[in-house]
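Structural description and commentary
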Amino acid sequence: MTTSAPDSVRLADTQLYRVTDVMRLLRMSCTVIYDQIRTGRLRSVKQGRARLITASAIGDYIALLEKEAEEAA
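Throughout, residues of each chain are indexed from 1 in the direction in which the sequence is written. Confidence filtering applies because this is a predicted model: local features only for residues at pLDDT of at least 70, side-chain atom pairs given and counted only at 80 or more, and all residues used for totals across whole chains, interfaces and linings. The side-chain quantities take in all heavy atoms of the structure and omit both hydrogens and water.

1. Section: the overall build of the protein
Segments assigned H or I by DSSP are reported as helices when at least four residues long, segments assigned E as strands when at least two residues long, and all are numbered from the N terminus. In terms of helices and strands, the protein carries four helices and three strands. Sequence-ordered secondary structure for the protein, helices as α and strands as β, is α-β-α-α-β-β-α. For the exposure calls, accessible area comes from a 1.4 Å probe over protein chains only, and a residue counts as buried if that area is under 20% of its type's maximum, exposed if over 50%, partly exposed in between. Considering the protein as a whole, with its 73 residues, one finds that 22% of them fall into the buried category. Put simply, 46% of the contacts in the protein that link residues at least 6 apart link residues at least 24 apart. Surface accessibility in these figures is a Shrake-Rupley result with a 1.4 Å probe; residues are shielded only by whichever protein chains are displayed. Counting every atom, the protein has about 5500 Å² of accessible surface; 52% of that belongs to carbon and sulfur. Note on contacts: a residue pair qualifies if any of its non-hydrogen atoms lie within 4.5 Å across the two residues.

2. Some points on the packing of helix H2 (residues 19-26) against helix H4 (residues 55-72)
At a minimum axis distance of 12 Å, the contact between H2 and H4 shows a crossing angle of 35°. For the pair H2 and H4, the crossing hand works out as right-handed. Side by side, H2 and H4 meet where Val-22, Leu-25 and Leu-26 of the first sit next to Ile-58, Tyr-61 and Ile-62 of the second. Gly counts as polar in this scheme, as do all residues outside two lists: the nonpolar Ala, Val, Leu, Ile, Met, Phe, Trp, Tyr, Cys and Pro, and the charged Asp, Glu, Lys and Arg. The residue inventory of the contact of H2 with H4, partitioned by class, reads six nonpolar, no polar and no charged. A fitted line through C-alpha atoms represents every axis, and for helices the fit uses only the stretch in contact; the resulting angles, taken between N-to-C directions, go from 0 to 180 degrees. Here a crossing is taken to be left-handed if its near helix is turned anticlockwise relative to the far helix by less than a right angle, and right-handed if that turn runs clockwise.

So, to be careful, I would describe these as geometric facts and stop short of saying anything about function.
Here is the structure:
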């Protein structure tokens, strides 16, 4: 019998994240996340009515933010 881990632990194994999960991971508001998706800075996919963000898209977005911070310094 397996026990399920808390959501905060299971997120590390997730490949597709809902916007609410990404809000928690990146500590950004819903408005900011959707703005980043709209402008193409944060890639996403749609499955039915759900907007999902891949783990690799989150990593790429963080790398983009780091690059922009270095260029601004």
